[in-house]
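Chain by chain, the residues:
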Amino acid sequence: MLRNSRLILAHLWLAFAAFGAAIVLGLWQMWVRSPFAAPLASSENYFMSVTAHGSAMGYVLTTFFIMGFGYFVAETALSRPLPFPRLAWTGFTLGIVGALLVVATVFSGRATVLFTFYPPLTATPWFYVGLVMVVVGSWIWCALMLVAMAGWKRDNPGQAVPLAMFATTANAVLWLWTTVGVAAELLFIVIPAAFGWTQAVDVGLTRTLFSWTLHAIVYFWLIPAYIAFYTMAPQLAGGRLYSDLMARISFVAFLIYGLPVGLHHLFMDPEHATGFKSVQMVLTVLVAVPTLLTVFTVCASMEIAGRLRGGRGLLGWVAALPWKQPLVLATGLSFFMLWFGGFGGLINMSYGMNAMVHNTSWVTAHFHMIFGGSVVIMYFAISYEIWPRLTGRMAPSLGLQRAQLWSWAVGMMTLSLPWHWLGLKGQWRRVAQFDYTDPAISWWTPWMAMSLVGGILLVGSAFLFLWNLASFHRAGRSAEAVPPMNFAVALHSGGTPAALNGFRIWNILVLVLMVAAYAFPIAQSFIVKPPYAVVHRVDRTN
Amino acid sequence: MAIDEHSVARSERRWATAMITASATLLAAIVYASLGAHITPPSNSLETVDPATLHVAGEFVEANLGTKVESGGEVVARIVTAQFAFQPACVVVPQDTPVTFRIASPDVIHGVMILGTNVNSMVVPGYVSRVRTRFQDTGDMLMPCHEFCGLGHSQMLAHVRVVAKADFKPDANGRATCAPE
Ligand SMILES: [Cu+2]
Ligand SMILES: [Cu+2]
């Protein structure tokens, strides 16, 4: 068992507790929006629930899972104790207090601003303070990852940092850059307004700063899934990592290209002119590259495994893979959803075509499929893989784990395909109730019913997931020892260039790109001096 | 299983070339669509308006809202989106004619889209949103607010009425309104 099992389990259980509560809210929200009468349906409850669902899934599930998994990787991949475990607990405490503050403010009805909290709608300041505490807690994690990697490099001069740790640290570096935008928005504009120290805000500037965070945060969420694709799936399938170098290039590419592209979320906004929108559109096309490289390297690694297991012919190796292994199965399901999600993403980023889908259910469908589908299914599979190492107990049933992964993938497709279609046909986002007597809307009914079935499947799958995790803790200590955690070994080792064993030059490159992409869009607010908008508080009844 | 380092590198180079080519093709298509076919996002340049005073002076005063044929013949529809209604709640426009929407908000962020068309824009207080379009079919179309703007957001809904060119009859001042039902 690991030295830091308790620390890691605390993070992961908090993540999944938030997930379990939030998914029930999600189902209720779908019910309210559907043509079928739902209990407790009201605008107040609906938007309160949307705020809670988004904050719990987007900020709590993700951040705590990534932190917990990062501590796991640091201890297992580097085979050495985590530096400053007490500081890690401090980060956790900050995070949990922040998360509780968010929950309390949201459910008291004083923070109904949704998880994107677009000013000048303004919640009670304590909602934002809670969010900041979660972020500051995660910054401690970032520092610990950097220290852990630096310590290992000092003691192993000239050697390549194990890929899983290199990628985890890349994510820590990415997250530090990512949070600068939203932190500036909250600390300099939103929180002073929420406390009543300022009465008006530059709304365009707040949107620009938020967009800085908005794209890269998704990469923060998905890097753990990519770590599992590269270092866990090939190992469990009995293969080798096809190319360590290519994997490093992909992670570095996420760091570089994930950041200077956020303006693509503002294509339909009036506060930026065509020039910088198109600059960031061009950079956005490049973000497809690391994912396309990943597809190749991971498939090639799995092919090695399949052929070593006796698979023949062009595709015989696919059938020869050990699909009974939950993480191998999850990788397959995740890739399947990634095709759909990736295709949708190409439409979203296409400058003109974005107008077809902006703020429709298509967008909601897209991020549910790519995040809730491709990424979260890997969070499940990673948990199944690391829980034996955290508890010292083997899984009582791999069959139940596979059933859970299948039901999640089927549920997510059933939920999000109708949303894609309705969005394309103009169903707009973030609405508590539709008027189904309107003939322009009444035809939605069967599609809404279908997605509701998907939602029910997802809730069932989520509960089965929590059950599966709990059964590790209930199981007796297994007779057979839990095998140690091994990450996939590359086909060819050595020859890692120094540039791909650290982040110095990549940080410089990110800085240059961010200045090029964002200096003017931000400075514009101070040059043009657009009129401010008066703060609208939602925390006072009036 | 023997795969030497050179063949790994070669296969990767081939794949990377193919993928970079694919991305470049995609980019070329988008650039062609925007520069060649003029399919671009709305609000090409920056235009600001003070949300605190737009109702008392300037083009967004109540009397100036709705559809107007400007002196140059251009059809312009001015709309104010406010918590939780559009002003006006119905906008009439002629079919198969270039129409420019000019939209502003006096309070919070809203969003505007017209179902069945590519008209889609955020409305951010402090700025003027502009969308140019041409409607192909006649009839009433839904124009909802698509960004959360407060608890009444779900009820924030308007219509666009597209009429045949012959039925589009602006008054002496160039103004046209939806005929009462
Ligand atoms: Cu994005
Ligand atoms: Cu609204």
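Residues numbered from 1 in each chain as written. Chains lettered and ligands numbered in written order. Predicted model: local features only at pLDDT ≥ 70, side-chain atom pairs only at ≥ 80, totals over all residues. Heavy atoms only, no water.

Draft legend 1. Broad picture of the coordination of the copper ion (ligand 1). All names here are of chain A. For the copper ion (ligand 1), the protein coordination sphere consists of H215 (ND1), H264 (NE2) and H265 (NE2), at 2.0 to 2.1 Å. Spacing between the donor residues of the copper ion (ligand 1) along their common chain follows H-x48-H-H. A residue pair is termed long-range when its members are at least 10 positions apart, and H215 in the loop between α6 (203-214) and α7 (216-236) and H264 in the loop between α8 (244-257) and α9 (274-286) qualify at 49 residues. Its relative accessible area of 12% is what places H215 among the buried residues. (Donors = N, O, S within 2.8 Å, 3.2 Å for Na, K, Ca; no water. Helix = DSSP H or I, 4+ residues; strand = E, 2+ residues; numbered from the N terminus. Buried < 20%, exposed > 50% of the residue type's maximum accessible area, 1.4 Å probe, protein only.)

Draft legend 2. Fine view of unusual backbone geometry. A cis amide bond links P119 of chain A with the next residue in sequence, P120 of chain A, at an omega value of 10°. A cis geometry characterises the amide bond from Q87 of chain B onward to P88 of chain B, with omega recorded as 0°. Tracing the chain through its elements places P88 of chain B in the loop between β3 (85-87) and β4 (90-94). Even without a glycine there, the phi angle at F84 of chain A is positive, about 50°. For L114 of chain A, which is not glycine, the phi dihedral falls at a positive 65°.

Draft legend 3. Quick peek at empty space enclosed by the protein. Taken as a whole, this structure holds 2 cavities of 30 Å³ or more when the rule is applied. What lines the largest cavity is I66, F69, G70, W141, T168, N171, I223, P224 and I227 of chain A. For the lining of the largest cavity, the residue count by class is 6 nonpolar, 3 polar and no charged. Empty space within the second largest cavity amounts to approximately 30 Å³. What lines the second largest cavity is simply V113, L114, T116, Y118, L121 and R430 of chain A together with E147 and F148 of chain B. Class assignment for the residues of the lining of the second largest cavity results in 5 nonpolar, 1 polar and 2 charged. (1 Å grid on protein atoms, 1.4 Å probe; cavity = no way out; pocket = protein on both sides within 12 Å on 5 of 7 lines; lining within 4 Å. Points joined across faces, edges and corners; volume = space filled by probe spheres on them. Nonpolar A, V, L, I, M, F, W, Y, C, P; charged D, E, K, R; others polar.)

Draft legend 4. A look at the coordination of the copper ion (ligand 2). Residue and element names in this part refer to chain B. Distances from the copper ion (ligand 2) to its protein donors, namely C145 (SG), E147 (O), C149 (SG) and H153 (ND1), fall within the range 2.0 to 2.6 Å. Counting gaps between the donor residues of the copper ion (ligand 2) yields the pattern C-x1-E-x1-C-x3-H. Residue C145 is classed as buried on the basis of its relative accessible area, which comes to 0%.

Draft legend 5. Summary view of the packing of aromatic side chains. Residues and elements named next belong to chain A. Under the counting rule described, the total for this entry stands at 46 aromatic pairs over all chains. Taking 6.4 Å as the distance between ring centres and 85° as the angle between the ring planes, the aromatic pair formed by F19 and F465 counts as edge-to-face. Note that F19 is positioned in helix α1 (residues 5-33) and F465 in helix α17 (residues 445-474), a separation of 446 residues in sequence. Accessibility expressed as a relative area gives 1% for F19, which makes it buried. With a centroid separation of 4.7 Å and 45° between ring planes, the pair formed by W221 and F371 is classed as tilted. Of this pair, W221 sits in helix α7 while F371 sits in helix α14 (residues 361-391), and the two are 150 residues apart along the sequence. Here W221 matches F371 in class, with each residue buried. An aromatic cluster is defined as three or more aromatic residues linked by ring pairs; in this entry it consists of F16, F19, F65, F69, F72, Y379, F380, Y384, W408 and F465. It is R207 that lies over the ring of Y118; its NZ or CZ is 4.6 Å from the centre. (Phe/Tyr/Trp six-rings, centres within 6.5 Å; stacked < 30°, edge-to-face > 60°. Lys NZ or Arg CZ within 6 Å of the ring centre and 35° of its normal.)

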